[in-house]
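# Notes for the structure review
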Amino acid sequence: EASVLKNKFRGCLLGSLIGDCTGAPFEGDTISHGDRLVIQRYYDKLEDPTFTAPYKTYTDDTAMMKSVAKFLTDKPEPDYKFLSRLFVNEFFKEPRRGYGQNVIDVFHKLRNTKYENVFKPASEQFMGAGSYGNGGAMRVAPIALYFHDNYKMMLEVASNATKLTHTNVLGVNGALLQAVAIQLAVKCDPYAKIDPERFCIELFRRMRKIERVEEDVDDMEEEDDGTREAYQNKLRVVENLLQRKHDNDLEEEVIMNLGNGISAYESVPTAIYCFLRALNEISYIQTDNVFRRTIQYAVSLGGDTDTIACMAGAIAGAYLGENCINTSLAKQCEYYKEVLEMADNLYVAKEGPGN
Ligand code: F2R
Ligand code: MG
Ligand code: MG
Ligand code: MG
């Protein structure tokens, strides 16, 4: 139904924003057991309608997502030169949003070469290896929404949009996994319960196909440096951890085996796990709201908190829709109203006016 889908577009982009804004103050932190209570109180306050404070500011995650949404709504066909200009202009307008150390070099090169070949600067990163940072995945949500009914196009556009900054196969496939997870969540009935293990197995099935493409290309080279089935292996770990939901203190294992780092490989599967784990109760998180539980759990893992909460929030929001997100919490975030407008514009660009 139209209104359900519109609500999911809003929920997804809002979920991404809230994860970024509320996770950002903890980025890089190691979270102790005692800190979990601090984080519980932090979200209690943010959900309290009488609580007033300066809004939580967004970071590079949302800054780049804005450009991706504009790229989809402002042009009828994907124009990657346009998208790269949007990224660069946004960066030079507000450079202090906590961008990755190396992606900044790409922005300078793009501008200095006058966007001559927009895929070249990224391909030269890390001595030609390309970035495997989570920057492609953190901004992919609008693409997953816009192409929710066109899987092939979703993968193609997500891949190209990522390659403007990240060309390492782990960076690209991480963004594809995040897009696939959002698209699956969009398809889920928000009033029906998701079976976490089945959701995970479906993701595994899709990543098997996606990671096979690389295998064909690399057929000549025999060496396997562990990147070939990287995300399939991570999803096996996710599934195993989900089966052990009654074990206490899985968190150390989650951080050790899935990761909480800045690379796509150590954060996208983690974000997916956060969403699936938070579908059920978590002993040290007091809330009945699945969306809040998802981002609070993501932040409680420490590390790249803004980005893992942003990605987990996008998936949870795509499943549940805007009306399952606490309004007081949303209103604490910078750019809250604009993100809802962005979601509506994306929805109209996709489904046509009058929907
Ligand atoms: N950068 C941060 N947070 C840490 C610093 C905060 C900042 N100083 C502040 O608060 O002001 N957060 C943001 O960056 C992440 C997304 O990064 P992105 O866009 O992927 O950038 P980049 O530079 O391409 O990659 C990030 C780092 O990953 C390592 N790396 C990537 N590819 C590598 C390769 N092939 N070989 C070796 N290392 C590689 C490098 O250390 C990169 O700098 C998000 O967390 C966002 O919130
Ligand atoms: Mg950030
Ligand atoms: Mg970045
Ligand atoms: Mg981050």
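A short tour of the structure in this document, coming up. (Residues numbered from 1 in each chain as written. Chains lettered and ligands numbered in written order. Predicted model: local features only at pLDDT ≥ 70, side-chain atom pairs only at ≥ 80, totals over all residues. Heavy atoms only, no water.)

Looking only at helices and strands, one finds 18 helices and zero strands in the protein chain. Taken over the C-alpha trace, the protein chain has a radius of gyration of 19 Å; the compact-globule value for 355 residues is 20 Å, and the two agree within 12%. Its C-alpha atoms give the protein chain principal-axis dimensions of about 50 × 45 × 40 Å. Within the protein chain, the fraction of its 355 residues that count as buried is 57%. Counting contacts in the protein chain only where the partners sit at least 6 residues apart, residues at least 24 apart contribute 75% of the total. Computing the positive centroid from 41 side-chain charges and the negative centroid from 53, the protein chain places the two 5 Å apart. (Helix = DSSP H or I, 4+ residues; strand = E, 2+ residues; numbered from the N terminus. Rg over C-alpha atoms; globule rule 2.2 N^0.38 Å. Buried < 20%, exposed > 50% of the residue type's maximum accessible area, 1.4 Å probe, protein only. Contact = heavy atoms within 4.5 Å. Lys, Arg positive; Asp, Glu negative; His and termini not counted. Charge placed at Lys NZ, Arg CZ, Asp CG, Glu CD.)

Glancing now at the coordination of the magnesium ion (ligand 4). Ideal donor angles around a metal are set by the shape: a four-donor tetrahedron calls for 109.5 degrees, a six-donor octahedron for 90 or 180 degrees. Glu27 (OE), Asp304 (OD), Asp306 (OD) and Thr307 (OG1) make up the full set of protein donors to the magnesium ion (ligand 4), lying at 2.0 to 2.2 Å. Read from N- to C-terminus, the donor residues coordinating the magnesium ion (ligand 4) fall into the pattern E-x276-D-x1-D-T. The metal-metal distance between the magnesium ion (ligand 4) and the magnesium ion (ligand 2) is 3.6 Å, with aspartate 306 coordinating both. Residues aspartate 304 and threonine 307 agree in their burial class; the two are buried. (Donors = N, O, S within 2.8 Å, 3.2 Å for Na, K, Ca; no water.)

Let us now look at the site of ligand 1. Neighbouring residues of ligand 1: 21 residues in total, closest Asn102, Ser131, Tyr132, His166 and Asp304. The backbone of glycine 98 places a nitrogen or oxygen atom 3.2 Å from a nitrogen atom of ligand 1. Separating an oxygen atom of ligand 1 from a side-chain N or O atom of threonine 307 is a distance of 3.0 Å. Its free accessible area being 930 Å², ligand 1 has 72% of it covered by the protein chains. Looking at the shell around ligand 1, the elements that each hand over two or more residues are helix H3 (60-74) and helix H16 (305-320). Taken together, the residues of the shell around ligand 1 sort by class into five nonpolar, 11 polar and five charged. (Near = heavy atom within 4 Å. Polar contact = N/O pair within 3.5 Å; in protein donor to acceptor, adjacent residues only side chain to side chain. Areas by Shrake-Rupley, 256 points an atom, 1.4 Å probe, with all protein chains shown as cover. Nonpolar A, V, L, I, M, F, W, Y, C, P; charged D, E, K, R; others polar.)

Under the defined criterion, the tally for this structure stands at 15 aromatic pairs. With a centroid separation of 6.2 Å and an interplanar angle of 80°, the aromatic rings of tyrosine 231 and tyrosine 265 are classed as edge-to-face. In this pair, tyrosine 231 is assigned in helix H12 (residues 230-243) and tyrosine 265 in the loop between helix H13 (251-257) and helix H14 (268-277), connecting sequence segments 34 residues apart. Among the residues examined, tyrosine 265 registers a relative accessible area of 29% and is labelled partly exposed. Taken together, Phe91, Phe92, Tyr99 and Phe107 form an aromatic cluster joined through their ring pairs. Over the face of the ring belonging to phenylalanine 92 we find arginine 111, whose NZ or CZ atom lies 3.7 Å from the ring centre. When the ring centre of tyrosine 151 is taken as reference, the NZ or CZ atom of arginine 206 above it lies at 4.9 Å. (Phe/Tyr/Trp six-rings, centres within 6.5 Å; stacked < 30°, edge-to-face > 60°. Lys NZ or Arg CZ within 6 Å of the ring centre and 35° of its normal.)

Enumeration over the complete set of coordinates arrives at 19 salt bridges. When the shortest N-O distance is used, the salt bridge between arginine 292 and glutamate 47 registers 3.0 Å. Taken together, the positions of arginine 292 in helix H15 (residues 290-300) and glutamate 47 in the loop between helix H2 (33-46) and H3 put the pair 245 residues apart, joining distant regions of the chain. A salt bridge links lysine 66 to glutamate 90, with the nearest nitrogen and oxygen atoms 3.3 Å apart. With a gap of 24 residues between them, lysine 66 in helix H3 and glutamate 90 in helix H4 (residues 80-93) connect regions that are remote in the sequence. Of the two residues, lysine 66 and glutamate 90, neither departs from the other in class, the shared state being buried. Among the charged side chains, a network of salt bridges with common partners joins Arg36, Asp249, Glu251 and Arg277. (Salt bridge = Lys/Arg side-chain N within 4 Å of Asp/Glu carboxyl O.)

Another aspect to go through is the packing of helix H1 (residues 2-23) against helix H18 (residues 336-351). Where H1 meets H18, the axes come as close as 9 Å, and the angle between the chain directions of the two elements is 140°. Taken together, H1 and H18 sit at an angle that is classed as oblique. Between H1 and H18 lies a crossing whose hand is right-handed. Side by side, H1 and H18 meet where Ala2, Leu5, Lys6, Phe9, Arg10, Leu13, Leu14 and Leu17 of the first sit next to Tyr336, Val339, Leu340, Met342, Ala343, Asp344, Leu346, Tyr347, Lys350 and Glu351 of the second. Considered class by class, the residues forming the contact of H1 with H18 number 13 nonpolar, no polar and five charged. (Axes fitted to C-alpha atoms, helices over the stretch in contact; angles between N-to-C directions. Parallel < 35°, antiparallel > 145°, perpendicular 65-115°, else oblique. Left-handed = near helix turned anticlockwise from the far one by under 90°.)

Our next topic: helix H9 (residues 151-163). Between its first and last C-alpha atoms H9 spans 18 Å; for 13 residues at 1.5 Å apiece the expected length is 18 Å, and the two agree. Those residues of H9 lying buried are Met154, Leu155, Val157, Ala158, Ser159, Ala161 and Thr162. (Expected span 1.5 Å × (residues − 1).)

Nothing here speaks to function; it is all geometry.
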